[in-house]
Amino acid sequence: MTAAPQSTGRELTGPPTDGISNLRFSNHSDNLLVSSWDKSVRLYDASANALRGEFMHGGAVLDCCFHDDSSGFTACADHTVRRLVFNYGREDILGRHDAPVRCVEYSYATGQVITGSWDKTLKCWDPRGASGQERSLIGTYTQPERVYSLSLVGNRLVVATAGRHVNVYDLRNMSQPEQRRESSLKYQTRCVRCYPNGTGYALSSVEGRVAMEFFDLSEAGQSKNYGTFATGGCDGYVNVWDGNNKKRLYQYPKYPTSIAALSFSRDGRLLAVASSYTYEEGDKPHEPDAIFVRSVNEVEVKPKPKVLPNPGT
Amino acid sequence: MPPRKELCRNFQRGSCQYGDRCKFLHVTPQQSQPSPFGFGTQTGTQFQRTNPQQQKSNPFGFGVQNNAQLSGANDFGSKPNQFKPFENKWSRFSPLNTSSSSTSRQSDSQNPAPNHKCTDPESCKRLMIEDFENERPQWKLTCYGHNKNGPCDIVGDISYEELRASAYDEAKRGLSLQSIIDRERSLLNSKLVEFQSLVQNPHVVSSNATLSTQSSFTGVSPNAPMTIQSGGPPSVSSFGQLGASLNTSGTFGAASSYTFGQSHPFQNNSQASSTFQRNNSPALSSYQNPFPTSTISMPSAAYNQSEVLMNGVNSALDMTKSIQLT
């Protein structure tokens, strides 16, 4: 494909052959890691639009993350947590859960891999040791329900489970959660993401809403703590929101099917969009799964000045 | 000669920057257009999928007959200004500013109202009815709590990925597509019945059933969950229905751990969490007997999701990293 990027962004060649579960930009380059229901994890150079590597797993891969630019971790439906070394095309099993592993994150603060599973546990792993669960498992932490999403910032970990439970942990003391909450939304939680400034997290649900939460209540009232963020929905739209004004900043042109995953590059220049049917209507024919990488213009994501309330109200 | 009458791929996908100047053909598909997701049935038009296979109801188990559909073709048929995106005309009162959260919507914090307290079953019921009429999500296998920051009234939600994983697993074991669909559909029906029953008999599930512990962060203590019996039969409780059928079913093995990819469907523990029952399970068919077979139809009020702020389901969030409000 040599045509100029279309309104949806440039479509990556060689996408996965089945649904995309997640995609992530590296913190060090424009490398993009993509996990898929076709049991593969693929590494792309998003700027060059080139497939750099592919790793097959024993089941659908539900999540992936980078460690550094040369290695990463994956969460697989065959209950395994795997470590991938890109340059050597090597992968090995870091450990296992008792059910499909839904989420994986790497904590730079602690140097640990954290996974959440439908077996209702969170596990922390040390990736430096040899493979095998005995060596690398640091701890197992029971959750009230199956883990659906998790996110890290600094020393904090937020876990969202089925049944609208949310646990907030301090990674330095995992013996019990720092906070136990229920979602402030009324329906099933889809996704949780921490603010990069570490003051709180955003939580989205199947009803199409996003709740903005703070770790520390004293920060809640301040108006400058929200940033801008993007959401992708099953309607095929990617929207960028201004958390302060609680308004939409921008809407990108519609993608062919549900937005399964989003990722900004490390400098915010690029946005990768996985347009991949997410099964929200059960099994049905759908558009082919595709990955689009688009440039991000400042006007699309820059918040507008804070709207002051009317004096009369 | 360049193919001037070839269909324009961009237009088919939703938008073409060249508009009338485009040298490829801009034509809308033959069938009536589905409107973008979530824009509901304001005009009462029957929307159809562009997929010719689905002329009538979706056979794939999710009964979205009257819902606005989304399958890649944009809505060029109807008037573009008929409904404004992201204009939520129905406003749910936002919590007081002292609470730690606020939902991200337009016209927010305009109408602060006290948080709901479960002191009166009638007010709980009113709130639930209002929720179900105005904000029923498209995804039906969801949990539900009428009290923000409070425990769920309906538990046992299933995520897209779990449903998909289960379907893949069954297909690998050789089950036919139709039997997979049937199981998904029966799951859906069970959940819909739970929602209907909840509104008829608001029964707040006690916290024992859903949480092992519930501690509150200082300053934000969720209302202590109360069990309100409204005099309905115990089987009506949202907790009981799936659980009852589960207990009577002999198809679940003794293994309490989650077995996936094995011969067992999803295993339930003490809670009525996600349950994929075997096809032709005797427990299931006996469970469904008391209920009218027309449970497959959607409550008609559920699809007035005409203007939902965030159009559909947000399955991905990402934070802009370098462009921040300072």
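Look up: the structure comes first, before these words.
Reading the values: rules and limits
- Along every chain, residues carry numbers that run from 1 in the direction the sequence is written.
- To label them, take the chains in the order written and letter them from A, then take the ligands in the order written and number them from 1.
- At least 70 in pLDDT is required for a residue's local features to be given in this predicted model, at least 80 for side-chain atom pairs to be given and counted, and no such filter applies to totals for whole chains, interfaces and linings, which use all residues.
- Values reported for side chains reflect all heavy atoms of the structure, with hydrogen atoms and water molecules removed beforehand.
- Think of it this way: any DSSP run of H or I at least four residues long counts as a helix, any run of E at least two long counts as a strand, and we number them from the N terminus.
- Whether a residue is buried, partly exposed or exposed follows from its accessible area with a 1.4 Å probe, protein chains only, as a fraction of its type maximum: under 20%, in between, or over 50%, in that order.
- Residues are treated as being in contact if the distance between any of their heavy atoms lies within 4.5 Å.
- Areas reported here follow the Shrake-Rupley algorithm with a probe of radius 1.4 Å; residue values treat only the protein chains shown as occluding.
- Patch members must show over 30% relative accessible area and no salt bridge, and they are joined within 9 Å when carrying like charges or within 5 Å when they are nonpolar side chains of Val, Leu, Ile, Met, Phe, Trp or Tyr.
- A side-chain nitrogen of Lys or Arg and a carboxyl oxygen of Asp or Glu constitute a salt bridge if their distance falls within 4 Å.
- Strand pairing follows a simple DSSP-based rule, namely that at least 2 bridges must link the two strands.
- Lines fitted to C-alpha atoms define the axes here, with helix axes fitted over just the stretch in contact, and angles between the N-to-C directions of these axes take values from 0 to 180 degrees.
- The charge count treats Lys and Arg as positive and Asp and Glu as negative. His and the chain ends do not count.
- We define a polar contact as two N or O atoms separated by no more than 3.5 Å, with the added condition that, inside protein, one atom must be a possible hydrogen donor and the other a possible acceptor, whereas residues neighbouring each other in sequence contribute only through side-chain atom pairs.
- In these notes the angle categories are as follows: under 35 degrees is roughly parallel, over 145 is roughly antiparallel, 65 to 115 is roughly perpendicular, and the rest is oblique.
- Left-handed describes a crossing whose near helix is turned anticlockwise from the far helix through less than a right angle; right-handed describes the clockwise counterpart.
- Residues are grouped as follows: Ala, Val, Leu, Ile, Met, Phe, Trp, Tyr, Cys and Pro are nonpolar; Asp, Glu, Lys and Arg are charged; all remaining types, including Gly, are polar.
- In summary, the pairing rule links any two rings of Phe, Tyr or Trp, Trp by its six-membered ring, whose centres are within 6.5 Å, and it sorts them by plane angle into stacked for under 30 degrees, edge-to-face for over 60 and tilted for everything else.

Q: Where do I start with the overall build of chain A in this structure?
A: Helix and strand counts for chain A come out as 2 helices and 26 strands. Counting across all 313 residues of chain A, residues that qualify as buried make up 69%. Of all intrachain contacts in chain A linking residues separated by at least 6 positions in sequence, the fraction that spans at least 24 positions is 41%. Accessible surface computed for chain A: about 10200 Å², of which carbon and sulfur atoms make up 46%.

Q: Explain the environment of His165(A) here, please?
A: If you trace the backbone, His165(A) turns up in strand S16 (residues 165-170). According to the relative accessible area criterion, His165(A) is buried, its value standing at 4%.

Q: What am I meant to see in a nonpolar patch on the surface here?
A: Together, Leu7(B), Leu25(B) and Val27(B) make up a nonpolar patch on the protein surface, roughly 210 Å² of accessible area in all. Assignment of secondary structure puts Val27(B) in the loop between helix H1 (9-13) and strand S1 (101-103).

Q: In this structure, what is going on with the sheet that holds strand S10 (residues 101-107) of chain A? I would like to understand it.
A: Whenever strands of a sheet pair, they do so through backbone hydrogen bonds, lying parallel or antiparallel. Residue and element names in this part refer to chain A. Strand order in this open sheet of 4 strands is S10-S11-S12-S13, and the pairing throughout is antiparallel. Only two strands of the sheet have a single partner each, and these edge strands are S10 and strand S13 (137-142). The sheet shows a mean angle of 20 degrees between the axes of neighbouring strands, direction not considered.

Q: How do you make sense of the side chain of Asp289(A) when you look at a structure like this?
A: You can see Asp289(A) is positioned in the loop between strand S25 (270-275) and strand S26 (290-295). The buried charged residue Asp289(A) lacks any salt bridge partner; its closest oppositely charged side chain belongs to Arg164(B), at an N-O distance of 5.3 Å. A polar side-chain atom of Asp289(A) sits 2.9 Å from a polar atom in the side chain of Ser276(A). Residues within four places of Asp289(A) in sequence aside, it is in contact with Pro15(A), Pro16(A), Thr17(A), Asp18(A), Gly19(A), Ile20(A), Ser275(A), Ser276(A) and Tyr277(A).

Q: Looking at this structure, I do not really get the environment of Phe132(B). What am I missing?
A: By secondary structure assignment, the location of Phe132(B) is in helix H2 (residues 121-134). As a C-alpha pair, Phe132(B) and Phe195(B) span 63 residues in sequence and 8.6 Å in three-dimensional space.

Q: Just to check I follow, could you spell out the packing of helix H3 (residues 160-172) of chain B against helix H4 (residues 177-200) of chain B for this structure?
A: How two helices pack is summed up by the angle between their axes together with the distance between the axes. Residue and element names in this part refer to chain B. Orientation of H3 relative to H4, taken along the N-to-C sense of each, is 150 degrees, at an axis distance of 10 Å. Classified by the angle between their axes, H3 and H4 sit roughly antiparallel to one another. In this structure, the crossing between H3 and H4 has a hand that is right-handed. Taken together, the residues of H4 that come into contact with H3 (itself represented by Leu163, Ala167, Glu170 and Ala171) are Ile180, Arg183, Glu184 and Leu187. Partitioned by chemical class, the residues of the contact of H3 with H4 number 5 nonpolar, no polar and 3 charged.

Q: How do you make sense of the pattern of salt bridges when you look at a structure like this?
A: Any two side chains of opposite charge can pair if their charged atoms end up close together. All names here are of chain A. A full pass over the atoms with the stated rule returns 27 salt bridges over all chains. Linking Asp63 and Arg24 is a salt bridge whose minimum nitrogen-to-oxygen distance equals 3.6 Å. Highlighted residues: Asp63 in strand S6 (residues 61-68) and Arg24 in strand S2 (residues 20-25), separated in sequence by 39 residues. The partner of Arg83 in a salt bridge is Asp92, and the shortest N-O contact between them spans 2.7 Å. Classification of Arg83 as buried rests on a relative accessible area of 13%. On the basis of relative accessibility, which here comes to 23%, the residue Asp92 falls in the partly exposed class. Linked by salt bridges that have partners in common, Asp30, Arg266, Asp267 and Arg269 make up one network.

Q: Teacher, can you tell me more about the packing of H2(B) against H4(B) here?
A: Residues and elements named next belong to chain B. Running from N to C, H2 and H4 cross one another at 145 degrees; their axes reach a closest spacing of 9 Å. On the side of H2, the interface is formed by Lys125, Met128, Ile129 and Phe132, while H4 contributes Phe195, Leu198, Val199 and Gln200. Partitioned by chemical class, the residues of the contact of H2 with H4 number 6 nonpolar, 1 polar and 1 charged.

Q: Would you explain the pairing of strand S5 (residues 50-56) of chain A in this entry?
A: Residues in a regular strand project their side chains so that they alternate between the two faces of the sheet. Alignment of strand S4 (residues 40-45) of chain A against S5(A), held across 6 bridges, turns out to be antiparallel. Within S5(A), the position partnered with Arg42(A) by the bridge is Glu54(A).

Q: Sorry, what's going on with the packing of aromatic side chains here?
A: Each aromatic ring pair is described using two quantities: the centre-to-centre distance and the angle formed by the ring planes. In this structure the tally under the stated criterion is 14 aromatic pairs over all chains. Centroid distance Trp37(A) to Tyr168(B): 5.3 Å. Interplanar angle 65 degrees. Geometry classified as edge-to-face. Here Tyr168(B) lies in helix H3 and Trp37(A) lies in the loop between strand S3 (31-36) and S4, a pairing that spans two chains. In this structure Trp37(A) comes out as buried when scored by relative accessible area, which is 6%. For Tyr168(B), a relative accessible area of 29% puts it in the partly exposed group. Ring centres of Tyr106(A) and Tyr108(A) lie 5.0 Å apart, and the angle between their planes is 90 degrees; on these two criteria the pair is classed as edge-to-face.

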